[in-house]
Amino acid sequence: MKIDLSHTNPFLDNAVVKDLKSRISDIYKTVFDKTGSGNDFLGWVSLPSETDENLLADIEKTAAELRRKSEIFVVVGIGGSYLGARAVIEALQNHFAPLTGEKPLVVYAGHNMSEDYLSDLLAVLDKKDYSLAVISKSGTTTEPAIAFRILKQHIINKYGEQEAATRIVAITDKARGALKQLANVKGYKTYIVPDDVGGRFSVLTPVGLLPIAVAGIDIRALVQGAAEMEKRCKENPTKDNPVSQYAIVRHALYEKGLTNEIMVNYEPRLMYFSEWWKQLYGESHGKQHKGIFPASVTFSTDLHSMGQYIQDGLRNLFETVVSVENSSHELRIPTEADDLDQLNYIAGKRISEVNHKAELGTVLAHEDGGVPNIRIIVPEISAHVLGELVYFFEMACALSGYLLDVNPFDQPGVEAYKKNMFALLGKKGFEEKTAELNRRLNL
């Protein structure tokens, strides 16, 4: 992969960039030596190169068994417990996977609290053979815990307790927590969420690898791609590293008042990769009233909805474009004798060529409109390349967090809504909070 910064140069303060470049090697050292804030959650740094062969083989074996017996595979989790896996699966599977008949179809639960969503899922599972993975370090996170309680009851009613236990995999803490205790009692197959890897950095652990393997994707290629990017960072932890360049430029733009970053892709299969990226950066950096707000668009689709704002709206944003050089298929535009749609001027061209010209034309238009563009260029969408991108953005996230002088690995703000929700639901121990909120809501 390559990085193109030429469409940011007119917007950069050279003195700021020079200062950031002078700091980046020391920040790398902080990450690799695990001496910075949040250092107890830096296990992901060497995870790709240290992934155990026996673990990969075991995951592949479990995935093969689940594939054999399942028309549907349900991933129960929220945030980093499902977004990484979904990002990779949806990037690599057929765009119309639900219609192809390929099995199993991977679906998701526990990432919302919609009664209708879960009811619709249960109605489908009534008629299909299925298995599931429940992913939670504690086993008590509200959204997945509710979904798993309901799905556990359903799968037991459908198959009986003994068979149901062979269709449930728990990915959880190695020793503690409600889910670990339940797995021990019921005999579920378990995998460990490493203590030193936070949820949003966990796609290369069993959290992501098992669902990805069940989807039939080569997890070894994914891990190998990440390992190569890890090696690249360790061998050249300087301003010349593409990870460093991305972290430096986005922070320099932030210092100029550009506080919103839009992740842009031109391939709809990357939409959930953008969703994973948004959680990674939003949850890591949005602290102490600091941080760049992460958003995303899929072009050219969103050029017909968000394009106007990006071109002419408030000038507080920049774009990071994931540019894919090669498509997996070839489809050319035919010639028509009457040319009523006036497309004969591009007849014979591949659609991917038209897409690339739309991308370059948009980059130049947005640059002219006052929007800097960072381009991350990859040769293709493959498991290997996605592994590279995962590690690229994880390491850049750590560097960017330390440049902001925040702890990139905690998420204290996430607890605020939970406390209010628990109080409003009448959870024991929240009586005083309940009274306060009821007064505020005039209840």
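Reference entry: report on the structure contained in this document. (Residues numbered from 1 in each chain as written. Predicted model: local features only at pLDDT ≥ 70, side-chain atom pairs only at ≥ 80, totals over all residues. Heavy atoms only, no water.)

**Focus: the overall build of the protein**
Along the protein, the regular secondary structure elements total 18 helices and 10 strands. Taken over C-alpha atoms, the radius of gyration comes to 23 Å for the protein, in line with the 22 Å a tight globule of 443 residues would show. With respect to the principal axes defined by its C-alpha atoms, the protein has extents near 60 × 60 × 55 Å. Every one of the 443 residues in the protein was classed for burial, and the buried ones make up 50%. Summarising the internal contacts of the protein: among those between residues at least 6 apart in sequence, 78% fall at separations of at least 24. (Helix = DSSP H or I, 4+ residues; strand = E, 2+ residues; numbered from the N terminus. Rg over C-alpha atoms; globule rule 2.2 N^0.38 Å. Buried < 20%, exposed > 50% of the residue type's maximum accessible area, 1.4 Å probe, protein only. Contact = heavy atoms within 4.5 Å.)

**Brief notes about the pairing of strand 5 (residues 168-172)**
Burial analysis of strand 5 places 5 of its 5 residues in the buried class, the great majority of the element. Side chains I168, A170 and T172 of strand 5 all project onto a buried face; the interleaved residues V169 and I171 project onto the opposite face, where all are buried too. Across 4 bridges, strand 5 lies against strand 6 (residues 189-192) in parallel orientation. Paired with A170 across the two strands is T190, which belongs to strand 6. At this point the chain moves from strand 5, through helix 9 (residues 178-186), to the parallel strand 6, and the crossover so formed is right-handed. (Pairing = 2+ DSSP bridges. Right-handed = clockwise from strand over helix to strand, strands pointing away.)

**Notes on the nonpolar core**
Counting 96 residues, the largest nonpolar core has W44, L389, F393 and M395 as the members making the most contacts within it. Ranked by residues supplied to this core, first place goes to helix 16 (residues 383-404) with 16 residues. Leaving out residues up to four positions away in the same chain, F393 has contacts with Y246, M263, F273, W276, W277, L280, Y281 and I376. (Core = buried A, V, L, I, M, F, W, Y, C linked by side-chain atoms within 4.5 Å.)

**Here's the deal with the side chain of T362**
Structurally, T362 can be placed in helix 15 (residues 351-368). Overall, T362 belongs to the buried group, its relative accessible area being 10%. Residues within four places of T362 in sequence aside, it is in contact with Y266, F299 and L303.

**Some remarks on the sheet that holds strand 7 (residues 260-265)**
Hydrogen bonding along the main chain pairs the strands of a sheet, whether they run parallel or antiparallel. The strand order across the open sheet formed by 5 strands is 1-10-9-7-8, and the pairing between neighbours is mixed. What marks the edges here is a single partner per strand, and that holds for strand 1 (2-4) and strand 8 (293-298). Sheet twist, expressed as the average angle between the axes of neighbouring strands with direction ignored, equals 20°. Taken together, the 3 bridges between strand 1 and strand 10 (residues 373-378) define a ladder with antiparallel strand orientation. Along strand 10, the bridge assignment pairs K2 with I377. Together, strand 7, strand 9 (317-324) and strand 10 form the strand contacts of helix 16, whose direction differs from that of strand 10 by roughly 145°. (Axes fitted to C-alpha atoms, helices over the stretch in contact; angles between N-to-C directions.)

**Some words on the pattern of salt bridges**
Following the criterion strictly, the structure yields 29 salt bridges and no others. With a shortest N-O distance of 2.8 Å, E90 and R86 are connected by a salt bridge. Taken together, the residues E90 and R86, both in helix 4 (residues 83-92) and 4 residues apart, mark about one turn of the helix. For E90, a relative accessible area of 24% corresponds to the partly exposed category. On the basis of relative accessible area, R86 is assigned to the buried category, the value being 14%. Between R167 and E163 there is a salt bridge, and its shortest N-O distance comes to 2.9 Å. (Salt bridge = Lys/Arg side-chain N within 4 Å of Asp/Glu carboxyl O.)

**Looking at the sheet that holds strand 5**
Spatial strand order, 3-2-4-5-6: 5 strands in an open sheet with parallel pairing. Single-partner strands in this sheet number two, and they are strand 3 (105-109) and strand 6. Pairwise comparison of adjacent strand axes, ignoring direction, gives a mean angle of 20° for this sheet. Of the strand pairs in this sheet, strand 2 (residues 72-76) and strand 4 (residues 130-135) are connected by 5 bridges, and their pairing is parallel. Paired with V76 across the strands is V134, a residue of strand 4.

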